[in-house]
Amino acid sequence: WTAKVLPYWLVKGSDIKVGGASTGACNPFLGCQLVVDTGTSVIAAPGKAADPILAKIGKVAEDCSNVKDLPVITFSINGKDFDLGPEFYVLRQTGENGAEECAV
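Treat the numbers as computed from the prediction; the structure is a model and nothing was measured.

The rules behind these values
Every chain begins its residue count from 1, and numbering advances along the sequence as written. With pLDDT at 70 or above as the cut-off, local features in this predicted model cover only qualifying residues; side-chain atom pairs require 80 or more to be listed or tallied, and sums for whole chains, interfaces and linings still use all residues. Excluding hydrogens and water, the side-chain values take into account all heavy atoms of the structure. Comment: elements are numbered from the N terminus, with helices defined as DSSP H or I runs of at least four residues and strands as E runs of at least two. The rule for a disulfide is simple: a pair of cysteine sulfur atoms within 2.5 Å. Accessibility here uses a 1.4 Å probe with only protein chains present; expressed as a share of the type maximum, an area under 20% marks a residue as buried, one over 50% as exposed, and anything in between as partly exposed.

(A) Spotlight on the environment of Leu54. Residue position: Leu54 is located in helix H1 (residues 47-57). The sequence separation of Leu54 and Thr23 amounts to 31 residues, and the corresponding C-alpha distance is 9.5 Å.

Right, dumping it as structure tokens:
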């Protein structure tokens, strides 16, 4: 199901997986509510929901050296899987010293 909740879309997810393994973030019977906002480029979640996902992702090297080795995050919505590779969920920025820095 979907619902328009101004200014966002609310969708029912059935699972969130990291590296192909379920994070347990969604209730097996009720699923979980996911908000889609096309006006942002970040993923946000309450700490309690984000902690198991971040634990499965693992440590992101501040110097970005391991980004290519990080797992894929998969959002299961309405029976379809949507994969998000690390190049899309890792934030890259230039630090004060001019070097590239990465974080989730």
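Next comes the rest of the description.
(B) Main features of the state of the cysteines. All told, the structure shown has 2 disulfides when counted by the stated rule. Here Cys26 pairs with Cys32 through a disulfide, and the sulfurs are 2.0 Å apart. The residues Cys26 and Cys32 share a single accessibility class, namely buried. Note on cysteine connectivity: Cys64 is disulfide-linked to Cys102, with sulfurs 2.0 Å apart. In this structure, the disulfide formed by Cys64 and Cys102 twists by about 105° around the S-S bond and is classed as right-handed. Residue Cys64 is located in the loop between H1 and strand S5 (73-77), and its partner Cys102 is located in strand S8 (residues 100-103); the two are separated by 38 residues in the primary sequence. Each member of the pair, Cys64 as well as Cys102, is classed as buried.

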